[in-house]
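# Geometric and topological summary
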Amino acid sequence: MMSENRGYTKVWAAVACIIAIAGFVGSQPGFAADKIEIMQGKLIDVDGTVEVRKVGTKEWVPAKEGMIIAPGDAVSAGIDGKAKLAYENSATDIEPLAQFVVGRAVETDNQYTTEIFLQVGKIKSGVEHVGEKSNKFNIVTPTAACGIRGTIVEAGFTPGLGAEITPQEGLVATTPV
């Protein structure tokens, strides 16, 4: 009988520890349940042939000034196409012959997170600090990834040649994929 009570005591002690740890972790700024909002970008300075494939569709449609770009949407610029994808904390210049898909684009109480999956061509992204929020902006190509944190980076990918990541100012972290 005594050994059974010790078993229950150990279980309740483990439950109490889990509750205490969950309360501590939940109260920490990095682990708090932040409100998550999906960010939507806006195409501006659209010039030449630029097309968008909205997430869940197969059809490419001509891009228009002010068109909303959401996570999962693809953007493609023709040989004469240029545009800018603007978010609250960043702007990405889309060069001719570039094609990419927007990955995560979310805002929490303390961070902006944006991903661009560059499939071909060249883009130039600038990320700014807005208020107290940190930035996590990543450009991913088939062969490399770079993280941009408050700087300007030109990223390009050419099949057969690979990726080219060029910081315009500041420091950038890159890694092979």
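So, here's what we can say about the structure. (Residues numbered from 1 in each chain as written. Predicted model: local features only at pLDDT ≥ 70, side-chain atom pairs only at ≥ 80, totals over all residues. Heavy atoms only, no water.)

One finds Leu43, Leu85, Ile94, Phe100 and Ile139 to be the most contacted residues of the largest nonpolar core, which totals 29 residues. Those elements that provide at least two residues to this core are strand 3 (50-53), strand 6 (74-77), strand 7 (82-86), strand 9 (99-107), strand 10 (111-127), strand 11 (134-140), strand 12 (144-148) and strand 13 (152-158). Sort the elements by how many residues they give to this core and strand 10 lands first, with 5 residues. Excluding anything up to four places from it in sequence, Leu85 contacts Gly41, Lys42, Leu43, Ile69, Ser90, Ala91, Thr92, Ile94, Phe100 and Val102. (Core = buried A, V, L, I, M, F, W, Y, C linked by side-chain atoms within 4.5 Å. Buried < 20%, exposed > 50% of the residue type's maximum accessible area, 1.4 Å probe, protein only. Helix = DSSP H or I, 4+ residues; strand = E, 2+ residues; numbered from the N terminus. Contact = heavy atoms within 4.5 Å.)

This brings us to the pairing of strand 6. In strand 6, alternate side chains face the same way, and those of Ala74 and Ser76 on one face and Val75 and Ala77 on the other are all buried. The pairing of strand 3 with strand 6 spans 4 bridges and is classified as antiparallel. Counterpart to Val52 in the pairing with strand 6 is Val75. (Pairing = 2+ DSSP bridges.)

On to unusual backbone geometry, then. Unlike most non-glycine residues, Asp45 shows phi in positive territory, near 55°. Phi at Leu97 takes a positive value of approximately 70°, unusual for a residue other than glycine. In this fold, Leu97 is placed in the loop between strand 8 (90-94) and strand 9. For Leu97, a relative accessible area of 49% corresponds to the partly exposed category.

Our next topic: the packing of aromatic side chains. Taken as a whole and assessed by the stated rule, the structure comprises 0 aromatic pairs. Geometry around Tyr112 places Lys133 over its ring, the cationic atom sitting 5.0 Å from the centre. (Phe/Tyr/Trp six-rings, centres within 6.5 Å; stacked < 30°, edge-to-face > 60°. Lys NZ or Arg CZ within 6 Å of the ring centre and 35° of its normal.)

Turning next to the side chain of Asp73. With respect to the helices and strands, Asp73 occurs in the loop between strand 5 (68-69) and strand 6. Among the polar contacts listed, one links the side chain of Asp73 to the backbone nitrogen of Val55, at a separation of 2.8 Å. Apart from residues lying up to four places away in sequence, Asp73 is in contact with Arg53, Lys54, Val55, Ile68, Phe100, Val101 and Val102. (Polar contact = N/O pair within 3.5 Å; in protein donor to acceptor, adjacent residues only side chain to side chain.)

Geometric values such as these leave the question of function open.
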